[in-house]
Amino acid sequence: MAVDNALSSPLGPPACEKDAKALQFLEEMTRNADSVQEDVLAKILTQNSEVEYLKRFNLDGAIDRETFKSKIPMIRYEDLQPEIQRIANGDRSSILSAHPISEFLTSSGTSAGERKLMPTIKQELDRRQLLYSLLMPVMNLYVPGLDKGKGLYFLFVKSETRTPGGLLARPVLTSYYKSDHFKTRPYDPYNVYTSPNEAILCADSFQSMYTQMLCGLLEREQVLRVGAVFASGLLRAIRFLQLHWRELSDDIESGMLNKKITDPTVKDCMVNILKPNPKLAEFVRMECGKENWEGIITRIWPNTKYLDVIVTGAMAQYIPTLDYYSGGLPKACTMYASSECYFGLNLNPMCKPSEVCYTIMPNMAYFEFLPHEPAGISQDSTPKLVDLADVELGKEYELVITTYAGLYRYRVGDILRVTGFHNSAPQFHFVRRKNVLLSIDSDKTDEAELQTAVENASQLLREFNTSVVEYTSHADTKTIPGHYVIYWELLVKDSANSPGDEVLNQCCLAMEESLNSVYRQGRVADNSIGPLEIRVVKNGTFEELMDYAISRGASINQYKVPRCVNFTPIMELLDSRVVSKHFSPALPRWAPERRR
């Protein structure tokens, strides 16, 4: 279809007229980021002017930024818990939002060990849908022809729970997949999936995965992109194929669905999809029966152009394994979102994972930014929050949001670094969640630091063609002094040349060398921290860990391997799978820092 030149976008020539309009909208939003933000705040404050929470701070109907900033405090989840609990218990008065709270979205983060409940309203689905509608128009600028095939996406729902007052509480993606916005979405040739809705909406994770994988195999030559929400979810799908390819190929050969699939809606829809195909069954057996699974994604789905998965933040450590199974296919991180709010999208989705940055869409919520200083640098007791259009290049900030659904100046806990601007809208690299993972004494190690330490240590495994597939950690305070324990699951590509004890001991030391000076002082000068320990666990251990978490109510779609574990049953599971233990053989380098 020819595209009107008037609808062309500075991002590039759009694939069709519909894309052109989406890209034009994106340009308008980012060109006028500050005025859009001012308008969003005014709309939120006008809409919610009579709610109990805002009236508490005597805004008196004011909708301007200055009054808002001078009267409304910055808060964390714990500050809102009394209001959240009242709503959860059935109080339907206008506590946080003038619109009724339609449900709670359960955050993957926790508060006092419980999943956080994020209030939402029905209108938020429209905003989420709007952001989703921008993803493919951007992707089409970089990868042509995506309307000529299908996407193999492993998407899952979790059976929801209800609060004492009767409101649904479920992960944000479950909410979206179960909504009419998803189920009755209009046909779009750029958004055709191999997985039928019935398979995605099946609450049984085995039946859902089995059926989605089966459909993906049946249409293997149609698949142009393979994805899941997180990198870990896609690797879980590959692991599932390793375990079940024999049953899947039997179904393909016979045209009869495995008897383990009992969900009636799934069975009914598969009657029209599954037909006997002995040739395809033989191909699946031949490829999956080989000992070497390197490049298995492109071997089975040869037309795949990219992987659509999140590989930023804690997911970055999956990149080597994804490269192994995909033959180094590009990895597209398309959007940035959470249970609290959908934030923005990646305008250069085919960039390297290390270069991923997200453009915050100013129409999604009102955004402020708390300047984030590195550890050890004192911060003002009353730091001044910065508006979206006023952030500075290269600086790090903690994200603070005000939403239509009733979060006001809420600290999300994400640390972002400004990497550039698209028009007047800033672009951010996701640095980490603001949290401390490990501490024995006065040391504090966060997720990003632990990740760097694992990456640095794993360099020593390269000459043995071995990589770290998965890891978690634990602060072992049973020993005196306490020490860090890091659990590693390894992918050894050549068992005849696997790393020995000495190499793995050196990996312990390499990790310690990568940790901060407070940790190294504790090891060297204070003797308050013992040698770091790596425990290598059997292959499949982290799969068991995920299965355990799902059995306790975690969402398969939002599950992320915890980077630190303290829960006794999880510790027992990990320790029962340990095949070898290794300790740092020497003290890391440390010298007293000069005081200015």
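Residues numbered from 1 in each chain as written. Predicted model: local features only at pLDDT ≥ 70, side-chain atom pairs only at ≥ 80, totals over all residues. Heavy atoms only, no water.

Under an unreviewed UniProt entry, the protein has the name Indole-3-acetic acid-amido synthetase GH3.1 and belongs to Populus trichocarpa. UniProt lists a comment for the protein under the heading Sequence similarities (unreviewed entry), and it reads "Belongs to the IAA-amido conjugating enzyme family." (UniProt positions renumbered as here; feature names shortened; annotations may be inferred.)

(A) Broad picture of the packing of helix α11 (residues 231-254) against helix α13 (residues 278-288). At their nearest, the axes of α11 and α13 sit 8 Å apart, and the two run at 165° to each other. Judged by the angle between their axes, α11 and α13 are roughly antiparallel. Handedness of the crossing formed by α11 with α13: left-handed. Of the residues in α13, those in contact with Leu241, Trp245, Ser249, Asp250, Ile252 and Glu253 of α11 are Pro278, Leu280, Ala281, Val284, Arg285 and Cys288. In the contact of α11 with α13, the residues fall into eight nonpolar, one polar and three charged. (Axes fitted to C-alpha atoms, helices over the stretch in contact; angles between N-to-C directions. Helix = DSSP H or I, 4+ residues; strand = E, 2+ residues; numbered from the N terminus. Parallel < 35°, antiparallel > 145°, perpendicular 65-115°, else oblique. Left-handed = near helix turned anticlockwise from the far one by under 90°. Contact = heavy atoms within 4.5 Å. Nonpolar A, V, L, I, M, F, W, Y, C, P; charged D, E, K, R; others polar.)

(B) Inspection of the pattern of salt bridges at higher detail. Applying the stated criterion to the full structure yields 37 salt bridges. Members of the salt-bridge network, linked through shared partners, are Asp34, Arg65, Lys69, Glu368, Asp387 and Arg409. (Salt bridge = Lys/Arg side-chain N within 4 Å of Asp/Glu carboxyl O.)

(C) Summary view of the packing of helix α16 (residues 447-458) against helix α17 (residues 501-514). For the pair α16 and α17, interaxial distance at closest approach is 8 Å and the crossing angle is 140°. Relative to α17, the element α16 lies oblique. Handedness of the α16/α17 crossing: right-handed. Judged by residue contacts, Glu449, Leu450, Ala453, Val454, Asn456 and Ala457 of α16 engage Cys507, Ala510, Met511 and Ser514 from α17. Considering only residue class, the contact of α16 with α17 consists of seven nonpolar, two polar and one charged.

(D) A look at the environment of Ser232. Tracing the chain through its elements places Ser232 in helix α11. As a C-alpha pair, Ser232 and Tyr404 span 172 residues in sequence and 32 Å in three-dimensional space.

(E) How the structure looks around unusual backbone geometry. Despite not being glycine, Asn58 shows a phi value in the positive range, around 55°. Among the secondary structure elements, Asn58 is positioned in the loop between α3 (52-55) and α4 (65-71). A relative accessible area of 47% means that Asn58 is categorised as partly exposed. Despite not being glycine, Asn465 shows a phi value in the positive range, around 55°. With relative accessibility at 40%, the residue Asn465 sits in the partly exposed group. (Buried < 20%, exposed > 50% of the residue type's maximum accessible area, 1.4 Å probe, protein only.)

(F) Focus on the nonpolar core. Grouped together as the largest cluster of nonpolar side chains are 159 residues, with contacts concentrated most on Leu241 and Phe367. Ranked by residues supplied to this core, first place goes to α11 with 10 residues. Beyond its immediate chain neighbours, meaning those up to four positions away, Phe367 contacts Gln37, Cys341, Phe343, Ile360, Met361, Pro362, Asp387, Leu388, Leu399, Val400 and Ile401. Judged by nonpolar contacts, the second largest core, of 29 residues, contains Leu437, Leu450, Tyr471 and Ile534. (Core = buried A, V, L, I, M, F, W, Y, C linked by side-chain atoms within 4.5 Å.)

(G) Fine view of the sheet that holds strand β21 (residues 533-537). Strand order in the open sheet formed by four strands is β19-β20-β21-β22, and the pairing between neighbours is mixed. Two strands lie at the open edges of the sheet, namely β19 (466-476) and β22 (578-583), each paired on one side alone. On average, each strand axis in the sheet is tilted by 25° relative to the strand beside it, whichever way the strands run. Relative to β21, strand β20 (residues 483-492) runs parallel, the two sharing five bridges. Pairing of Val485 across the sheet is with Glu533, part of β21. (Pairing = 2+ DSSP bridges.)

(H) Representation of the sheet that holds strand β7 (residues 306-310) in the model. Read across the sheet, four strands follow the order β3-β6-β7-β8 without closing on themselves; strand pairing throughout is parallel. Both edges of this open sheet fall to β3 (150-154) and β8 (331-332), since each of them pairs with a single strand only. As judged from the two bridges shared by β7 and β8, these two strands associate in the parallel manner. Bridging across to β8, Leu307 finds its partner in Lys331. Lying over the sheet, helix α10 (residues 205-218) contacts β3 and β6 (223-230), oriented at roughly 160° with respect to β3.

(I) Up close: the layout of surface pockets. Reported here for the second largest pocket is a volume of approximately 760 Å³. In this structure, the second largest pocket is lined by 30 residues; those nearest its centre are Gln242, Tyr325, Val469, Leu491 and Asn539. Counting residues per element, the ones that place at least two in the lining of the second largest pocket are α11, α15 (319-326), β19, β20 and α19 (541-551). In terms of residue count, α11 provides more of the lining of the second largest pocket than any other element does, six residues in total. For the lining of the second largest pocket, the per-class residue count stands at 13 nonpolar, eight polar and nine charged. (1 Å grid on protein atoms, 1.4 Å probe; cavity = no way out; pocket = protein on both sides within 12 Å on 5 of 7 lines; lining within 4 Å. Points joined across faces, edges and corners; volume = space filled by probe spheres on them.)

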